[in-house]
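Structure at a glance
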Amino acid sequence: MSRDARWKALLELLVERGRLEVEEAAAELAVSAATIRRDLDQLAEQQMLVRTRGGAVVHGVSYELPLRYKTARQASEKQRIAKAVADLVEPGETVGLTGGTTTTEVARALAVRGDLTTGTPALTVVTNALNIANELAVRPQFKIVVTGGVARPQSYELIGPLADGVLGQITLDVAVLGVVAFDVAHGAAAHDEGEAAVNRLLCERAARVVVAADSSKLGGRAFARICAAELVDALVTDTAAAPETVRRFEEAGIRVLTV
């Protein structure tokens, strides 16, 4: 197993469990304890975790795994969700995409839609996510608008007042939100207040708002609120969503698509 693969696996285990012991990690990854100690030391130097005697812990309850270290958790669910979200977009529309793993899959699903291969433009995409802009910029039929701002390394999202200047001058047909949590009472939320602020502006500039979130994100809360649930027109999630949770969203006037 390569070092990058080990680091991804270690961070995934740490986020899942909150605490990780060296011997436990060594057994799970089938490598030596010395290798795990070295990996944990190097990750601690990057402030990715807090080293403890015999292992490591996350920084705290609001710990956020940087996008570049996120592996394929709920990968098949996210791809199904992404295709369903992409199918809600009409040719020629202007689409806002926030950052995140699910919205990145939405961008990829839009890129391969057969009816979006031509047009002037076939689609206009406004995003504050550098990785999404990078993937779509090679599609000449898409017009790509990047908000500007200061890059946040955990998510590749641009945040801050420079983004506000661009978003204040445009309108969107649809904004697609990737979220950390979505709840009827507490709305859509992110870990970082800067990301939440830019995502909120995308919502305000859009005629309709779609939340793209796998079922693990539903019913929870996170630090920074993006928008209230009543501002969301549709939720696209996977079939593992609890029926009671789906019912609460529908009662709040949100169209729910489970895929």
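Each value, and the rule that gives it
- Residues numbered from 1 in each chain as written.
- Predicted model: local features only at pLDDT ≥ 70, side-chain atom pairs only at ≥ 80, totals over all residues.
- Heavy atoms only, no water.
- Pairing = 2+ DSSP bridges.
- Helix = DSSP H or I, 4+ residues; strand = E, 2+ residues; numbered from the N terminus.
- Axes fitted to C-alpha atoms, helices over the stretch in contact; angles between N-to-C directions.
- Right-handed = clockwise from strand over helix to strand, strands pointing away.
- Disulfide = S-S within 2.5 Å.
- Contact = heavy atoms within 4.5 Å.
- Buried < 20%, exposed > 50% of the residue type's maximum accessible area, 1.4 Å probe, protein only.
- Arc of directions from axis to C-beta.
- UniProt positions renumbered as here; feature names shortened; annotations may be inferred.

Per an unreviewed UniProt entry, the protein chain goes by DeoR/GlpR family DNA-binding transcription regulator and derives from Streptomyces sp. 900105755.

This next bit is on the sheet that holds strand β11 (residues 187–190). Where strands meet in a sheet, backbone hydrogen bonds hold them as pairs that are either parallel or antiparallel. Overall, antiparallel pairing links the three strands, which are arranged β10-β11-β13 in an open sheet. A single partner strand is all that each edge strand has here, and the edge strands are β10 (181–183) and β13 (224–227). Looking at each pair of strands side by side, their axes are set apart by 30 degrees on average, direction ignored. Two elements, β11 and β13, share three bridges in a ladder whose sense is antiparallel. Bridge pairing in β13 places alanine 189 opposite arginine 225.

For the rest of this paragraph, the subject is the pairing of strand β15 (residues 255–258). The pairing of strand β14 (residues 234–237) with β15 spans four bridges and is parallel. Bridge pairing in β15 links alanine 234 to arginine 255. For the segment spanning β14, helix α9 (residues 243–251) and β15, crossover handedness is right-handed.

The subject of this paragraph is the state of the cysteines. Under the definition given, this model contains zero disulfides. Its sulfur unpaired, cysteine 203 is 4.2 Å from the next cysteine sulfur, which belongs to cysteine 227.

Before going further, it helps to spend a moment on unusual backbone geometry. The peptide bond linking threonine 120 to proline 121 adopts the cis configuration, its omega dihedral lying at -5 degrees. Looking at the element boundaries, proline 121 is found in the loop between α5 (101–111) and β5 (123–127). Phi is positive for alanine 30, close to 60 degrees, though the residue is something other than glycine. On the secondary structure map, alanine 30 appears in the loop between α2 (22–29) and α3 (33–45).

Taken in spatial order, the seven strands of this open sheet run β6-β5-β4-β9-β12-β14-β15, and their pairing is parallel. Either end of the sheet is taken by a strand with one partner, and the two such strands are β6 (142–146) and β15. The mean angle between the axes of side-by-side strands here comes to 20 degrees, regardless of whether they run parallel or antiparallel. The pairing of strand β4 (residues 94–97) with strand β9 (residues 172–178) spans three bridges and is classified as parallel. If you follow glycine 96 over to β9, its bridge partner there is alanine 175. Across the sheet, helix α8 (residues 193–204) touches β4, β5, β9 and β12 (206–212), and the angle it forms with β9 is around 150 degrees.

With that out of the way, let us pick up α2. Taken together, the buried positions of α2 are occupied by Val22, Ala25, Ala26 and Leu29. The arc that holds every buried residue of α2, seen down its axis, measures 100 degrees, which confines them to one face. In α2, the exposed positions angled more than 90 degrees off the buried face are occupied by Glu23 and Ala27. With its phi angle positive at about 60 degrees, alanine 30 sits one or two positions after the end of α2.

Looking now at the UniProt feature "domain: HTH deoR-type" (unreviewed entry) in the protein chain. Sites flagged by UniProt as "domain: HTH deoR-type" (unreviewed entry) map to residues 3–58. Secondary structure within residues 3–58 divides into 64% helix and 16% strand; the distance between the first and last C-alpha atoms comes to 20 Å.

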